[in-house]
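# Structural description and commentary
Listed here are the chains, written in short residue letters.
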Amino acid sequence: MKNMIVSPSILVCDYLHLEQELQKIKDVGCSWIHLDVMDGHFVPNISFGNIFFEKLFKNIDFVKDVHLMVTNPMSFVKKFAKTGADYLTFHYEACKDDDEVDAVIDEIHKNKMKAGLSVKPGTPIEKVYPFLEKLDLVLVMSVEPGAGGQKFIPETLDRISALIDEIVETRSKALISVDGGINDITGKDCLNIGADVLVAGNYLFSADNFKERYDSLFK
Ligand code: DX5
Ligand code: ZN
């Protein structure tokens, strides 16, 4: 097993006690957090966004892994750079063509963030291949984007395996992150085939014992 990273998604955490929720992440020695930005257009729900992050990120010390589920990602790059995001991931399906995907990646890098590209479960994984050389992260969706607490789509494992072959072949430095329905079983399945990052929301935050759940992703 490679070095693995857990990126807890705070979408389903207790917002009234956000400080304590973030402390739980710190206490287990986890250094990443995953932030799901939904615009009510690319996906039906609306979550939180750059104004909220501007305040929040000033006071926290994590690798801030921002997942944009928005239409027209280009128009948000500078706004999220201003928040202090570390990784900015956008959706392949939100772009009109490959040139736009390429331009958004360049804009993210120009604004000193790491660039991630995400694909929905129904999008052929091959669509990300032309960008692997430039990408820092590929976010493979293992559920339809738009909500936490859904069931992991098993076919995702074949998509990850294909992606890993391509990453090895092209010597890409991109991390493979998997998002949606991650628990102790699906998480291990992903890690065993070579994923680098597990995004987990409901599994971690729905339990009384965050640490037990967190540790179970490794054991
Ligand atoms: C779904 C989001 C996920 C979600 C993961 O659109 O991208 O990050 O919060 O939540 P769980 O782990 O509950 O599936
Ligand atoms: Zn996400």
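Described below are features of the structure shown in this document. (Residues numbered from 1 in each chain as written. Chains lettered and ligands numbered in written order. Predicted model: local features only at pLDDT ≥ 70, side-chain atom pairs only at ≥ 80, totals over all residues. Heavy atoms only, no water.)

At this site the zinc ion (ligand 2) is bound by His34 (NE2), Asp36 (OD), His67 (ND1) and Asp179 (OD), with donor distances of 2.0 to 2.3 Å. Taken together, the six donor atoms coordinating the zinc ion (ligand 2) span angles of 69 to 167° at the metal, a pattern that classifies the geometry as octahedral. (Donors = N, O, S within 2.8 Å, 3.2 Å for Na, K, Ca; no water. Tetrahedral: all angles 85-135°; square planar, octahedral: opposite > 155°, others 65-115°.)

Quick look at the pairing of strand β8 (residues 197-200) now. Neither face of β8 is left uncovered, since the one carrying Val197 and Val199 and the one carrying Leu198 and Ala200 both have all their residues buried. Two strands pair when backbone bridges link them, and strand β1 (residues 5-8) and β8 are joined in this way by four bridges, in the parallel orientation. The partner of Ile5 across the bridge, within β8, is Val197. Inspection of the sheet shows strand β7 (residues 175-179) paired to β8 by three bridges, in the parallel sense. The residue of β8 that forms the bridge with Val178 is Leu198. With helix α6 (residues 184-192) bridging β7 and the parallel β8, this β-α-β connection has right-handed handedness. (Buried < 20%, exposed > 50% of the residue type's maximum accessible area, 1.4 Å probe, protein only. Helix = DSSP H or I, 4+ residues; strand = E, 2+ residues; numbered from the N terminus. Pairing = 2+ DSSP bridges. Right-handed = clockwise from strand over helix to strand, strands pointing away.)

This part takes up the environment of Leu11. Residue position: Leu11 is located in the loop between β1 and α1 (18-27). The spacing of Leu11 and Phe205 is 194 residues in sequence and 9.4 Å in space, taken between C-alpha atoms. Discounting chain neighbours no more than four positions away, the residues touching Leu11 are Asp36, Met38, Ser47, Phe48, Ala147 and Gly148. (Contact = heavy atoms within 4.5 Å.)

Another aspect to go through is the sheet that holds β8. An order of β1-β8-β7-β6-β5-β4-β3-β2 is seen for the eight strands of this open sheet, with the pairing classed as parallel. Of all strands in the sheet, those bounded by a partner on one side alone are β1 and β2 (32-38). The mean angle between the axes of side-by-side strands here comes to 25°, regardless of whether they run parallel or antiparallel. Pairing of strand β4 (residues 87-91) with strand β5 (residues 114-119) involves five bridges; the strand directions are parallel. Bridged to Leu88 within β5 is Ala115. (Axes fitted to C-alpha atoms, helices over the stretch in contact; angles between N-to-C directions.)

A few words on the environment of Val70. Secondary-structure assignment places Val70 in the loop between β3 (63-69) and α3 (77-83). For Val70, a relative accessible area of 2% translates into the label buried. Spatially, the C-alpha atom of Val70 lies 7.7 Å from that of His91, the residues being 21 residues apart in sequence. Setting aside its immediate chain neighbours within four residues, Val70 contacts Val37, Asp39, Phe42, Phe76 and Ala94.

This paragraph deals with the packing of aromatic side chains. One pair of aromatic rings is described through two measures. These are the centre distance and the angle between the planes. Here the structure, examined in full by the defined rule, presents 11 aromatic pairs. With a centroid separation of 5.5 Å and an interplanar angle of 25°, the aromatic rings of Phe48 and Phe52 are classed as stacked. Taken together, the aromatic side chains of Tyr15, Phe48, Phe52, Phe53, Phe57, Phe76 and Phe80 make up a single cluster linked through ring pairs. Here the basic side chain of Lys26 rests over the ring of Phe62, its NZ or CZ set 4.1 Å away from the ring centre. (Phe/Tyr/Trp six-rings, centres within 6.5 Å; stacked < 30°, edge-to-face > 60°. Lys NZ or Arg CZ within 6 Å of the ring centre and 35° of its normal.)

This part is about helix α2 (residues 50-58). Buried within α2 we find Asn50, Phe53, Leu56 and Phe57. Each buried residue of α2 lies within a common arc of 120° when the element is viewed along its axis, so the set occupies one face. In this structure, α2 carries Ile51, Lys55 and Lys58 as exposed residues pointing more than 90 degrees from its buried face. (Arc of directions from axis to C-beta.)

On to the site of ligand 1, then. The immediate surroundings of ligand 1 are formed by 20 residues, with Asp36, Gly146, Gly149, Asp179 and Gly201 found nearest. A distance of 2.9 Å separates an oxygen atom of ligand 1 from a polar atom in the side chain of Ser9. With respect to ligand 1, the backbone of Gly149 contributes an N or O atom lying 2.7 Å from an oxygen atom. Contact with the protein chains covers 99% of the free accessible surface of ligand 1, which is 380 Å². Of all the secondary structure elements, the ones that give two or more residues to the shell around ligand 1 are β2, β3 and β8. By residue number, the principal contributor to the shell around ligand 1 is β2, which donates three residues. Split by residue class, the shell around ligand 1 holds eight nonpolar, 10 polar and two charged. (Near = heavy atom within 4 Å. Polar contact = N/O pair within 3.5 Å; in protein donor to acceptor, adjacent residues only side chain to side chain. Areas by Shrake-Rupley, 256 points an atom, 1.4 Å probe, with all protein chains shown as cover. Nonpolar A, V, L, I, M, F, W, Y, C, P; charged D, E, K, R; others polar.)

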